[in-house]
Amino acid sequence: MEELSTELISQLGSKISFVIPIFGGIPVPTSVAITWGIMAFVVLFSLIFVRNLKMVPTGPQLYIEAAVSGLNNFLKDILGEEGKRYFPYLGTVTLYIGCSNLIGIFGFTPPTKDLNVTAGLAIMSILLIEISGIKAKGLKKWIIGFSHPMPLITPINILEIFIRPLSLCMRLFGNVLGSFVVMELIKIVAPAIIPVAFSLYFDIFDGLIQAYVFVFLTALFMQEAMETY
Amino acid sequence: MGTIIAIGAGIAVLTGIGAGIGIGLATKGAVEAIARQPEAKGDINKALLLGCALAEATAIYGFVIAVLIILFLK
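Residues numbered from 1 in each chain as written. Chains lettered and ligands numbered in written order. Predicted model: local features only at pLDDT ≥ 70, side-chain atom pairs only at ≥ 80, totals over all residues.

Let's talk about the overall build of chain A
Stage number 1. A count of helices and strands for chain A gives eight helices and two strands.
Stage number 2. Taken from N to C terminus, the helices and strands of chain A fall in the order α-β-β-α-α-α-α-α-α-α.
Stage number 3. If you line up chain A on its principal axes, its C-alpha atoms span 60 × 55 × 45 Å.
Stage number 4. Across the 229 residues of chain A, 23% fall into the buried class.
Stage number 5. By sequence separation, contacts in chain A at least 24 residues apart represent 64% of the contacts at least 6 residues apart. (Helix = DSSP H or I, 4+ residues; strand = E, 2+ residues; numbered from the N terminus. Buried ≥ 20, exposed ≤ 12 C-beta atoms within 10 Å, placed from the backbone. Contact = placed C-beta atoms within 7 Å.)

Following this line, the structure appears as structure tokens:
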């Protein structure tokens with residue numbers, strides 16, 4: 001059990017993958033290296049599938065169009081027409097979190113298991129929420145909006161700016177870490193066929209749902225900030 | 001010291017009770033709503049999935065705290 005706990009402790013921190021030998025060595029963490037891999041895969045995937053686009057879609061173009069329009073409709077339900085400029089970013093975040101949660105199946109450690117990655121995503125979300133609020137309402141109305149239902153709740157509203165991204169970050173990190181720990185324990189108990197069935201739930205189902213929830217909550221908070229009374 | 005760490009971790013995971021009860025109640029509401037109006041199945045499904053993921057988050061917070069207690073207290 002000692003090795004298991006020391007291994008788990010080492011998994012909690014972020015490991016350095018290699019060092020770029022310029023400017024006196026820049027250490028590159030593993031999650032960054034795997035993110036580069038995911039970026040290369042997604043860019044190649046897009047480049048291959050947008051060749052020879054036809055007006056009447058056939059073949060793989062059908063699936064891609066279905067996926068993109070599904071995502072756009074889902075976001076349009078929450079954000080409405082004015083939020084159209086934010087759809088590309090939210091779609092990219094869904095793709096990234098989905099890919100990085102699923103990459104655990106192939107044996108790499110998912111980049112979202114690193115607390116820094118989820119914290120970065122949460123900080124991006126908070127910036128997006130506040131900026132969308134300011135853009136939609138104008139600076140003065142946005143500041144007055146803090147006292148909106150009742151002036152008594154203003155400190156809670158201000159606190160919420162920091163608490164919401166914290167909960168987003170911890171939810172994603174906790175889910176990925178939890179499924180990782182459970183899979184490690186299962187592999188110790190039954191290393192043969194059984195992990196596959198459990199991995200179906202923990203890695204695939206849980207990972208995709210967490211991507212969906214992250215983007216849905218960001219969009220929901222943005223819509224709440226953009227609401228003009 | 002080891003027993004106190006174990007008791008602390010055990011108490012931290014008790015947040016699972018809240019998640020279990022909350023998700024159970026949400027599913028009860030969803031099933032009743034589907035029984036009353038089967039055409040709205042798609043919307044009810046989405047709302048249920050979202051509610052379950054959010055309620056599960058509190059249980060996950062407890063789990064993360066328990067893991068941190070076990071690993072970082074000596």
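Overview of the overall build of chain B
Stage number 1. Along chain B, the regular secondary structure elements total three helices and zero strands.
Stage number 2. When the helices and strands of chain B are listed from N to C terminus, the series reads α-α-α.
Stage number 3. Since a compact globule built from 74 residues should have a radius of gyration of about 11 Å, the 17 Å found for chain B marks it as more spread out than a globular shape.
Stage number 4. The dimensions of chain B, computed from C-alpha atoms along their principal axes, are 55 × 15 × 10 Å.
Stage number 5. Buried positions account for 12% of the 74 residues belonging to chain B.
Stage number 6. Looking at chain B alone, contacts between residues at least 24 apart form 82% of all its contacts between residues at least 6 apart. (Rg over C-alpha atoms; globule rule 2.2 N^0.38 Å.)

Comments concerning the interface of chain A and chain B
Stage number 1. Taken together, the contact pairs 15 residues of chain A with ten residues of chain B.
Stage number 2. Mapped onto the side of chain A that touches chain B, the elements with two or more residues apiece are helix H1 (2-12), helix H7 (154-189) and helix H8 (194-226) of chain A.
Stage number 3. In terms of residue count, H7(A) provides more of the side of chain A that touches chain B than any other element does, eight residues in total.
Stage number 4. Partitioning the side of chain A that touches chain B into residue classes produces nine nonpolar, five polar and one charged. (Nonpolar A, V, L, I, M, F, W, Y, C, P; charged D, E, K, R; others polar.)

Examining the nonpolar core
Stage number 1. By size, the foremost hydrophobic cluster in this structure holds 27 residues, and its most contacted members are A:Phe214, A:Ala219 and A:Met222.
Stage number 2. For this core, the elements supplying multiple residues, two or more each, are helix H3 (60-79), helix H4 (87-102), helix H5 (115-137), H7 and H8 of chain A.
Stage number 3. Sorting elements by how many residues they give to this core places H8(A) first, with eleven residues.
Stage number 4. Counting six residues, the second largest nonpolar core, distinct from the first, contains B:Ala59, B:Ile60, B:Phe63 and B:Ala66. (Core = buried A, V, L, I, M, F, W, Y, C linked by C-beta atoms within 7 Å.)

Description of the environment of A:Leu121
Stage number 1. Counting through the fold element by element, A:Leu121 comes out in helix H5.
Stage number 2. In this structure, the C-alpha to C-alpha distance between A:Leu121 and A:Ala190, residues 69 residues apart in sequence, is 35 Å.

Observations regarding the packing of helix H2 (residues 16-36) of chain B against helix H3 (residues 41-72) of chain B
All names here are of chain B.
Stage number 1. Contact geometry of H2 with H3 gives a least axis separation of 8 Å together with a crossing angle of 175°. Classified by the angle their axes make, H2 and H3 are roughly antiparallel. The residues of H3 that touch H2, namely those facing Gly16, Gly18, Ala19, Gly22, Ile23, Ala26, Thr27, Ala30, Ala33 and Ile34, are Lys41, Ile44, Leu48, Gly51, Cys52, Ala55, Glu56, Thr58, Ala59 and Gly62. (Axes fitted to C-alpha atoms, helices over the stretch in contact; angles between N-to-C directions. Parallel < 35°, antiparallel > 145°, perpendicular 65-115°, else oblique.)

Overview of H5(A)
All names here are of chain A.
Stage number 1. For H5, spanning 23 residues, the distance from its first C-alpha to its last is 33 Å, which sits close to the expected 33 Å at 1.5 Å a residue.
Stage number 2. Among the residues of H5, those classed as buried are Val117, Thr118, Leu121, Ala122, Ser125, Ile129, Ser132 and Gly133.
Stage number 3. Residues of H5 that are buried make contact with helix H2 (30-49), H4, helix H6 (139-144), H7 and H8.
Stage number 4. Looking one or two residues beyond H5, the residue adopting positive phi is Gly138, at roughly 85°. (Expected span 1.5 Å × (residues − 1).)

Section: the confidence of the model for chain A
Stage number 1. Summing up the model confidence of chain A, the mean pLDDT is 82 and the portion of residues at 70 or higher is 90%.
Stage number 2. For chain A, strand E1 (residues 16-20) of chain A is the element with the lowest average pLDDT, namely 67, and H4(A) is the one with the highest, namely 90. (pLDDT = per-residue confidence, 0-100.)

Considering the confidence of the model for chain B
For residues with low pLDDT, the predicted coordinates do not support detailed interpretation.
Stage number 1. On average, residues of chain B score 89 in pLDDT, and 99% of them reach the 70 mark or higher.
Stage number 2. Two numbers describe this predicted complex: its pTM, 0.84, and its ipTM, 0.78.

Quick look at H7(A)
For an α-helix the count is 3.6 residues per turn, leaving residues at separations of three or four pointing the same way.
Stage number 1. Taking 1.5 Å of rise per residue, 36 residues should cover 52 Å, and H7(A) covers 52 Å from first to last C-alpha, within 8% of that figure.
Stage number 2. Along its length, H7(A) shows its largest kink, about 40°, at A:Glu160.
Stage number 3. The complete set of buried residues in H7(A) reads A:Pro165, A:Leu168, A:Cys169, A:Met170, A:Arg171, A:Leu172, A:Phe173, A:Gly174, A:Asn175, A:Val176, A:Leu177 and A:Ser179.
Stage number 4. On its buried side, H7(A) packs onto H4, H5 and H8 of chain A together with H3 of chain B. (Bend = angle between axes of the 7 residues up to and from the residue.)

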